[in-house]
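Now for the letters of each chain:
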Amino acid sequence: MQQKTSHSPEDAVLSVEDLTTEFATSHGTLRAVDAVSLQVRRGEILGIVGESGSGKSVTGYSIMGLIDRPGAITGGRIMLNGVDLRQIGEEGLRQVRGHRIAMVFQDPMSSLHPMLTIGAQMVDAALAHRPIGRRQARMEARDVLARVGIPSPEERMRSYPHELSGGMRQRVSIAIALLNRPEVIIADEPTTGLDVTIQAQILYEVQKLVAETGTAVIWITHDLSIVAGLADRAAVMYAGRIVEQGTIADVIERPAHPYTAGLLASVPHRNRDMRKLPQIPGSIGNAHSIPGCRFAPRCGFVKPACEARPAFDEVAPGHRAACIVAGRFAQQLAEAAHG
Amino acid sequence: MAEQIRSEQILPEQKGPERTALLTIDKVGMSFDLGRRGFLGLGPRRRVRALDDVSLEIGHGEILGLVGESGSGKSTLGRLIVGLYRPSEGQIRFARQATRHEGPHAVDLGAQIVFQNPSGSLNPRQRVRDIIAEPLIVHKADHDIAARVGELMRQVGLPPDFAERRPSEMSGGQAQRVGIARALALEPELIVCDEPISALDVSIQAQVLNLFADIQEQTGCSYLFISHDLPVVERLSHRVAIMYLGRIVEIAATSELFSRPAHPYTRALIASAPRLEAKKLSFRPVEGEIPSPIDPPRGCHFHPRCPLATDRCRSERPEAREVSPGHLSACHLDM
């Protein structure tokens, strides 16, 4: 695997800058995504990792332009190959979604039409975006089903979604996302409901597809272990902000943010003899209302200066962390994370 | 070390001493009737064989991990043990001191269960205080109930003012602590934990797992810890049993099972589990779907997905064989 260290927005297929998404609630405005910046390049898999309430899914939905009232994108740019998706209007977005940028959802049953055969919905998806004939569309649908590892694709095209297993349905969703050869696929926890052997099959197919097609992938998950095995780079989110971003080796082996280190430590490891796991105290609570570092109330390194929002600075080329102590306690954090 | 990342003391090795059996599961089978299909329901009667000739022992103070994917029967086994179902075949026996928990509810009192979905397994209209007190009231325990509820809440790390809350006013981790307190109320000798942390966030999972370890240390009770998460089971259990489509395919002490897995399915599972240490995925995952338990494959249930399957595997059911002392594997092949 080639190491990717520096990322200028120019060579990125998708470049998100200072994206901010807010929701009006009865308790006031909730900033679910707070000035998030990320890039993903051709043939690259970026993992976005976070727990409930981190804003990882809202980030994905925002990029797709799928935020509805009471939510709204209130700031930032979403550049897909140099074009800002926030400036092209709803009709422009309809052209782009499912064609140049596609999404795979956690629950395939909610994104597949229950009363259309797999083949019919795939043909529709192709014809909606490209001037090709029905026969050509069917052929392409069959090819892409075969590519995601579906046995006897011709037969499966005549099936309805409910006739397939969960793993097969998720493969179909991925096939539909791939159908129009998008530049970017955003996958939101697509293997969370699946069994481990089926999940492993899908992760394997996705890596193969990315290598073959050069599609850029943003893989949203709560599971650091999946990101470690699948992605090239990772962004860790907490309470609406990216707190750390870097290559997999940076984030997993040399975490610079105390939250990342705490998360890594709470994943059971092979090479650790303790039966009890180190734990991050407390819970996310209403961290969204904290103006400074939102992790400060749970952090063991907290300083008075954490009351101001920390800058998202580089600790090494291509490795950023939003923490005032980032880099200074690198050794301790690595030990905390890996025992 | 920073206070935030508390390293707990190191517990003794997981192997544990030879234990006497607390619970013996003897050739248990469980079938569910799915009714008839077809026009006017005149089609053939369909049955799911959720458990097929399962035998197992859980020792006093032992944590037995039970791992399997969908349709493996792991939850059915847990529910049989706490008496939510009666087995269609075979027996489940508790060895207990004659003085403890006699009478018609013996099985129900000896084992308690913690469910996967914390909010779904708590009555939304009850307050925490009443949820935890309910087993004490139902089973006419002669405790001072209010005092016992307070004690249980302390034991699971819930602040006293939570007594008045309802499940909707708590996070998933807090609700799961209520579920654990309820299970502990009658001092069970065995707690069946049915995927108790899989609905929780990663940082909360570690907190609840540590709570399970604490409780086991304090009370000496046994756990049947049901999970699909191999690293979690490896961390917590003394022994691990692997199930596939209603049968136990392998059982061994934890370190033995993970260092020398004998059954091809166990090997596939271990290879499939994502791990932080794994860089890019470097293996070819086991192929094929998990077959339906309504019509499982003949012979060895795993043979359609097994890269090593022979004709014998396709026709003859493999019996559990001892591959080393205490390590059983149900596979025809010599691994």
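Source: prediction; values computed, not measured.

**Examining the overall build of chain A**
Then, number 1: Each helix and strand in chain A was counted, giving twelve helices and twelve strands.
Then, number 2: For chain A, whose C-alpha radius of gyration is 21 Å, the value lies close to the compact-globule estimate of 20 Å for 339 residues.
Then, number 3: The principal-axis extents of the C-alpha atoms in chain A amount to approximately 65 × 45 × 40 Å.
Then, number 4: Per-residue burial over chain A gives 57% buried out of 339 residues.
Then, number 5: In chain A, once contacts between residues fewer than 6 apart in sequence are set aside, the share between residues at least 24 apart is 67%.
Then, number 6: A gap of 2 Å separates the mean positions of the 36 positive and 35 negative side-chain charges of chain A.

**Quick look at unusual backbone geometry**
Among all residues except glycine, the phi angle is most often negative; among peptide bonds, the trans geometry is most common.
Then, number 1: Going from R69(A) to P70(A), the amide bond is cis rather than trans, its omega being 10 degrees.
Then, number 2: Structurally, the position occupied by P70(A) is in the loop between helix 1 (56–63) and strand 4 (71–80).
Then, number 3: At K27(B), a residue that is not glycine, the phi angle is positive and equals roughly 45 degrees.
Then, number 4: Tracing the backbone through its elements, the reader meets K27(B) in strand 1 (residues 21–36).

**Remarks on the domain arrangement of chain A**
It is common to give the size of an interface as the accessible area lost on bringing the parts into contact.
Residue and element names in this part refer to chain A.
Then, number 1: Here chain A is described as being made up of domain 1 (12–100 + 182–267 + 276–337) and domain 2 (118–179).
Then, number 2: Computed over C-alpha atoms, the centres of domain 1 and domain 2 are 30 Å apart.
Then, number 3: Of the roughly 1,200 Å² buried at the junction of domain 1 and domain 2 (both faces included), carbon and sulfur atoms supply 64%.
Then, number 4: For the interface between domain 1 and domain 2, the tally reads one salt bridge.
Then, number 5: Measuring nitrogen to oxygen at the nearest pair gives 3.6 Å for the salt bridge that ties R147 to E212.
Then, number 6: The interface formed by domain 1 and domain 2 holds four residue pairs in polar contact (both at pLDDT 80 or more) in total.
Then, number 7: Counting only elements with at least two residues in the side of domain 1 that touches domain 2, the list comes to helix 2 (89–96) and helix 8 (196–213).
Then, number 8: At eight residues, helix 8 tops the list of elements feeding residues into the side of domain 1 that touches domain 2.

**A few points about the interface of chain B and chain A**
Then, number 1: Contacts between chain B and chain A engage 53 residues on the former and 57 residues on the latter.
Then, number 2: Across the chain B/chain A interface, buried area totals approximately 5,100 Å², and carbon plus sulfur atoms make up 56% of it.
Then, number 3: Across the contact surface, chain B and chain A share zero salt bridges.
Then, number 4: Along the contact surface separating chain B from chain A lie 15 residue pairs in polar contact (both at pLDDT 80 or more).
Then, number 5: Counting residues per element, the ones that place at least two in the side of chain B that touches chain A are helix 6 (202–219), helix 7 (230–236) and helix 9 (264–272) of chain B.
Then, number 6: It is helix 6 of chain B that contributes the most residues to the side of chain B that touches chain A, eleven residues altogether.
Then, number 7: Of the residues belonging to the side of chain B that touches chain A, the class tally is 25 nonpolar, twelve polar and 16 charged.

**A closer look at helix 9 of chain B**
Then, number 1: In terms of burial, helix 9 of chain B is a largely internal element, seven of the nine residues being buried.
Then, number 2: When we look at burial in helix 9 of chain B, the residues that qualify are P264(B), Y265(B), T266(B), A268(B), L269(B), I270(B) and S272(B).
Then, number 3: If you follow the buried residues of helix 9 of chain B, they end up packed against helix 8 of chain A together with strand 3 (63–67), helix 7, strand 8 (239–244), strand 9 (247–253) and helix 8 (254–259) of chain B.

**A word on the sheet that holds strand 2 (residues 28–40) of chain A**
Strands in a sheet are paired, the pairing made by backbone hydrogen bonds, and the direction either parallel or antiparallel.
Residue and element names in this part refer to chain A.
Then, number 1: Taken together, the four strands give an open sheet; going across it, the order is 2-1-4-5, and neighbouring strands pair in antiparallel fashion. Taken across any chain shown, the strands that pair with only one partner, and hence form the sheet edges, are strand 2 and strand 5 (83–84).
Then, number 2: Across nine bridges, strand 1 (residues 14–25) lies against strand 2 in antiparallel orientation. Bridging from a neighbouring strand, L19 pairs with V36 of strand 2.
Then, number 3: Contacting strand 1, strand 2 and strand 4, helix 1 crosses the sheet at an angle of about 110 degrees to strand 1.

**Remarks on a nonpolar patch on the surface**
Then, number 1: Taken together, F39(B), L40(B) and L42(B) make up a surface patch of nonpolar side chains, about 430 Å² in accessible area.
Then, number 2: Relative to the elements of secondary structure, F39(B) occurs in the loop between strand 1 and strand 2 (45–59).

**Notes on the packing of aromatic side chains**
Then, number 1: For the coordinates displayed, the defined rule picks out ten aromatic pairs over all chains.
Then, number 2: On the basis of an interplanar angle of 90 degrees and a centroid distance of 5.3 Å, the ring pair of Y244(B) and F302(B) is categorised as edge-to-face. Remark: F302(B) occurs in the loop between helix 9 and helix 10 (311–315) and Y244(B) occurs in strand 8; sequence separation between them is 58 residues.
Then, number 3: Using a relative accessible area of 2% as the deciding quantity, one classes Y244(B) as buried.
Then, number 4: By relative accessible area, which is 2% here, F302(B) ends up buried.
Then, number 5: Each member of the aromatic cluster is reached from another via a ring pair, and the members are Y238(A), Y259(A) and F295(A).
Then, number 6: In this arrangement the basic side chain of R165(B) is found over the ring face of F162(B), its NZ or CZ atom lying 4.0 Å from the centre.

**Overview of the pairing of strand 3 (residues 45–49) of chain A**
Residues and elements named next belong to chain A.
Then, number 1: Burial analysis of strand 3 places five of its five residues in the buried class, the great majority of the element.
Then, number 2: On strand 3, burial covers both faces: I45, G47 and V49 on one face and L46 and I48 on the other are all buried.
Then, number 3: Relative to strand 8 (residues 216–221), strand 3 runs parallel, the two being bridged by five bridges. Residue pairing in the sheet places G47 in a bridge with W219 of strand 8.
Then, number 4: One ladder, built from four bridges, connects strand 3 with strand 9 (residues 233–238); its direction is parallel. Bridge pairing in strand 9 places L46 opposite R233.

Cut-off values and rules
Residues numbered from 1 in each chain as written. Chains lettered and ligands numbered in written order. Predicted model: local features only at pLDDT ≥ 70, side-chain atom pairs only at ≥ 80, totals over all residues. Heavy atoms only, no water. Helix = DSSP H or I, 4+ residues; strand = E, 2+ residues; numbered from the N terminus. Rg over C-alpha atoms; globule rule 2.2 N^0.38 Å. Buried < 20%, exposed > 50% of the residue type's maximum accessible area, 1.4 Å probe, protein only. Contact = heavy atoms within 4.5 Å. Lys, Arg positive; Asp, Glu negative; His and termini not counted. Charge placed at Lys NZ, Arg CZ, Asp CG, Glu CD. Domains from an automatic or database assignment. Buried area = accessible area lost by both parts, 1.4 Å probe. Salt bridge = Lys/Arg side-chain N within 4 Å of Asp/Glu carboxyl O. Polar contact = N/O pair within 3.5 Å; in protein donor to acceptor, adjacent residues only side chain to side chain. Nonpolar A, V, L, I, M, F, W, Y, C, P; charged D, E, K, R; others polar. Pairing = 2+ DSSP bridges. Axes fitted to C-alpha atoms, helices over the stretch in contact; angles between N-to-C directions. Patch = residues over 30% accessible without salt bridge, like charges linked within 9 Å, V, L, I, M, F, W, Y side chains within 5 Å. Areas by Shrake-Rupley, 256 points an atom, 1.4 Å probe, with all protein chains shown as cover. Phe/Tyr/Trp six-rings, centres within 6.5 Å; stacked < 30°, edge-to-face > 60°. Lys NZ or Arg CZ within 6 Å of the ring centre and 35° of its normal.

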